[in-house]
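Results of the structural survey
Listed here are the chains, written in short residue letters.
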Amino acid sequence: MPSLGTKVLDNIINSNGLYPTNNFQYGTFEDVEEVSGEALVEKGYLQSNKGCYGCPIRCGRDVKLPNGQHGEGPEYETGWAYGADCGVNDLNAITEANFICNELGLDTITAGTTIACAMELYEKGHIDKDELENGPELKFGSSESIVYYTKQMGYREGIGDELAEGSYRLAESRGHPELSMSVKKQELPAYDPRGVQGHGLNYVTSNRGGCHVRGYMISPEVLGVPEKLDPQELEGKPEWVIIFQDLTAIIDSIGMCLFTSFALGLDDYREIVNAGTKFDYTSDSLLETGERIYNLERQFNLEAGITPDEDKLPERFDEPLPDGPQKGINSKYKELLPKYYKKRGWEEDGYISDKKLEEMGIK
Amino acid sequence: MTIKVKFYSLFKINLKSSGEVYEIKNPITISELINKLDNDYDDYFTNKLLNDKGKISPGAIILVNGKNILHLNNLKTELKDEDIITLFPPSAGG
């Protein structure tokens, strides 16, 4: 992590065939080596690594471009959203777009993948050229577009005013919500769910929508931490997803960086919490706290109107991956979801019973 | 037969090499490939990919045509003509 940061993942994820390309139409990107973490080093853009206060890992990227622009990033997700997801192989442009997001306070995954969605809408004729008002054509591969339309988005200028609403509202307004790669209207990050079945289940059940962070199944299914699971195996995946989600809820509540979990386990977090607070958790009671947090979040969502029928992936993922080492495989999340609900102790329809809420101390 | 080995991440950066192409007469296993690579790279790969019991180091990633050998035949996975073997040291990210 210190030497390549999270961008160590570009080649790993691409070699495993789950590197979403052109708005999740493909699972591999031919030009990955132009935009990878290694490339950031080899092209001389990386000045040094940097870290959050007090961190011994220091996975951040201190980057300077040939034109003198200097800033932080891109991270793996950013580099992918503006890179392969938009079909763009220009690391310089990707980094510029990233810097603009930093300056303007835009989420880089949402910004990049919304542009990717717009590119597919444009390709299929659902956005007209004259709507671009002399801006660069919104074509996959356009390094001008990713920089230009990020600025448009940030300042709500031209079509940027629509892009600023995110890919779901953009696609829906054009009559094609199925072209937004999102769950609960949050854009999916840099891993095709068809290549990792457990991670796909996490996308569907995350309380935050299309999120990889809060149940990072990539860790066991691709990276082999804490142990290597077969990404295409379905057996045991609901249980793993639940543990990752509950454990992540704890780590988030402690305020620690999730990357500590590549080295620390539940017992370590228990010791840290108890030492810092004089609470008296056991590992089991700490994990239960994570479960309670997860249930509380879901109950909030349910009462706010995000119903269980939003626990789904875009239809694209019912279709098989068309390329790469995982060609021919589709997402099996529909098989896993009922088992997940059951393991969680929820109703078959995905709601949480009053009895369960009382048990959890939520009601 | 021809097999292609690709180095990424710290392997690529530290060895300053993106990999090797080997012409070999008979099929070899991953174990044998690691030995072959060691000959060219001064025992580097045994140290980085295997633990002291000779098993794959936790987190080390060895792919054959994009599939992790842990789900094939582990170190005994046999290589055939045109196979691409991709090597990564243990990695983390998000």
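Basis of the calculations
- Residues numbered from 1 in each chain as written.
- Chains lettered and ligands numbered in written order.
- Predicted model: local features only at pLDDT ≥ 70, side-chain atom pairs only at ≥ 80, totals over all residues.
- Helix = DSSP H or I, 4+ residues; strand = E, 2+ residues; numbered from the N terminus.
- Rg over C-alpha atoms; globule rule 2.2 N^0.38 Å.
- Buried ≥ 20, exposed ≤ 12 C-beta atoms within 10 Å, placed from the backbone.
- Pairing = 2+ DSSP bridges.
- pLDDT = per-residue confidence, 0-100.
- Axes fitted to C-alpha atoms, helices over the stretch in contact; angles between N-to-C directions.
- Domains from an automatic or database assignment.
- Contact = placed C-beta atoms within 7 Å.
- Nonpolar A, V, L, I, M, F, W, Y, C, P; charged D, E, K, R; others polar.
- Core = buried A, V, L, I, M, F, W, Y, C linked by C-beta atoms within 7 Å.
- Parallel < 35°, antiparallel > 145°, perpendicular 65-115°, else oblique.

Points about the overall build of chain A
- Helix and strand counts for chain A stand at 16 helices and five strands.
- Taken over C-alpha atoms, the radius of gyration comes to 21 Å for chain A, in line with the 21 Å a tight globule of 363 residues would show.
- A principal-axis box enclosing the C-alpha atoms of chain A has dimensions of 60 × 45 × 40 Å.
- When the 363 residues of chain A are sorted by exposure, 48% land in the buried category.

Overview of the sheet that holds strand β5 (residues 84-88) of chain B
All names here are of chain B.
- Pairing within the open sheet is mixed, and its five strands lie in the order β2-β1-β5-β3-β4. Only two strands of the sheet have a single neighbouring strand rather than two, namely β2 (19-23) and β4 (67-68).
- As judged from the four bridges shared by strand β1 (residues 2-7) and β5, these two strands associate in the parallel manner. Looking at the pairing, Lys4 lines up with Ile84 of β5.

Considerations on the confidence of the model for chain B
- The share of residues in chain B with pLDDT of 70 or more is 100%, and the mean pLDDT across the chain is 96.
- Reported confidences for the modelled complex are a pTM of 0.97 and an ipTM of 0.97.

Section: the sheet that holds strand β3 (residues 70-72) of chain A
All names here are of chain A.
- Spatial ordering of the open sheet is given by β1-β2-β3, a layout of three strands whose pairing is antiparallel. Of all strands in the sheet, those bounded by a partner on one side alone are β1 (46-50) and β3. Taken over all neighbouring pairs, the strand axes of this sheet differ in orientation by 20 degrees on average, direction set aside.
- Here three bridges tie strand β2 (residues 60-64) to β3, and the two strands are oriented antiparallel to one another. Bridge pairing in β3 places Asp62 opposite Glu72.

Notes on the domain arrangement of chain A
Residues and elements named next belong to chain A.
- Domains assigned within chain A are domain 1 (5-183) and domain 2 (193-359).
- The distance between the C-alpha centroids of domain 1 and domain 2 comes to 26 Å.
- In this complex, domain 1 contributes 15 residues to the contact, which on the side of domain 2 involves 19 residues.
- Classifying every residue of the side of domain 1 that touches domain 2 gives nine nonpolar, five polar and one charged.

Structural notes on the interface of chain A and chain B
- Taken together, the contacts link 26 residues of chain A with 21 residues of chain B.
- Mapped onto the side of chain A that touches chain B, the elements with two or more residues apiece are α1 (9-15) and α3 (37-42) of chain A.
- Counting residues per element, the side of chain A that touches chain B draws most heavily on α1 of chain A, which supplies four residues.
- Across the side of chain A that touches chain B, the residue classes tally to 15 nonpolar, eight polar and three charged.

Looking at the nonpolar core
- Judged by nonpolar contacts, the single largest core of 103 residues is most densely connected at Ile115, Ala118 and Ile146 of chain A together with Ile62 and Ile85 of chain B.
- Split by domain, this core shows at least three residues from each of two domains, domain 1 (5-183) and domain 2 (193-359) of chain A.
- Sequence-distant contacts of Ile115 of chain A, defined by excluding residues within four places in its chain, comprise Cys86, Ser145, Ile146, Tyr149 and Leu163 of chain A.

Notes on unusual backbone geometry
- The step from Gly73 of chain A to Pro74 of chain A runs through a cis peptide bond, and the omega angle for that step is 10 degrees.
- Omega for the bond connecting Val225 of chain A with Pro226 of chain A falls within 30 degrees of zero, at -5 degrees, which places this linkage in the cis form.
- Position of Pro226 of chain A relative to the elements: it lies in the loop between α11 (218-223) and α12 (237-254).
- For Lys185 of chain A, which is not a glycine, the phi torsion comes out positive at approximately 70 degrees.
- Turning to its location among the elements, Lys185 of chain A is positioned in the loop between β4 (182-183) and β5 (186-187).
- For Lys16 of chain B, which is not a glycine, the phi torsion comes out positive at approximately 55 degrees.
- Positionally, Lys16 of chain B belongs in the loop between α1 (9-15) and β2.

Observations regarding the pairing of strand β3 (residues 61-64) of chain B
All names here are of chain B.
- Taking every second residue as pointing to the same face, both faces of β3 are buried, with Ile61 and Leu63 on one and Ile62 and Val64 on the other.
- For β3 and β4, the ladder comprises two bridges, and the chain directions are antiparallel. Paired with Val64 across the strands is Lys67, a residue of β4.
- Hairpin geometry of β3 and β4 is characterised by an intervening segment of two residues between the two adjacent antiparallel strands and by a positive phi of about 50 degrees at Asn65.

Topic: helix α10 (residues 197-205) of chain A
Residues and elements named next belong to chain A.
- Counting buried residues along α10, nine of its nine residues qualify, which places the element largely inside the surrounding structure.
- Listed in full, the buried residues belonging to α10 are Gln197, Gly198, His199, Gly200, Leu201, Asn202, Tyr203, Val204 and Thr205.
- The inward-facing, buried residues of α10 contact β4, α11, α12 and α15 (333-344).

A closer look at the packing of helix α5 (residues 91-104) of chain A against helix α7 (residues 143-155) of chain A
Residues and elements named next belong to chain A.
- Interhelical geometry of α5 versus α7 gives an angle of 10 degrees and a closest axis separation of 8 Å. Comparing the axis directions of α5 and α7 gives the class roughly parallel. Where α5 approaches α7, its residues Ala93, Ile94, Glu96, Ala97, Ile100, Cys101 and Leu104 are matched on the opposing element by Ser143, Ile146, Val147, Thr150, Lys151 and Gly154.
- Split into classes, the residues belonging to the contact of α5 with α7 amount to eight nonpolar, three polar and two charged.

Focus: the environment of Gly265 of chain A
- Within the fold, Gly265 of chain A resides in the loop between α12 and α13 (266-277).
- Gly265 of chain A sits 39 residues away from Pro226 of chain A along the chain, and the two C-alpha atoms are 9.1 Å apart.

Here's the deal with the packing of α13 of chain A against helix α14 (residues 283-304) of chain A
Residues and elements named next belong to chain A.
- Look at α13 against α14: their axes get within 9 Å of each other, and the N-to-C directions meet at 90 degrees. On the basis of their axis angle, the class for α13 and α14 is roughly perpendicular. Taking contact as the criterion, the partners of Leu266, Asp267, Tyr269, Arg270 and Val273 in α13 are, on α14, Ser283, Leu286 and Leu287.
- Here the contact of α13 with α14 is composed, by residue class, of five nonpolar, one polar and two charged.

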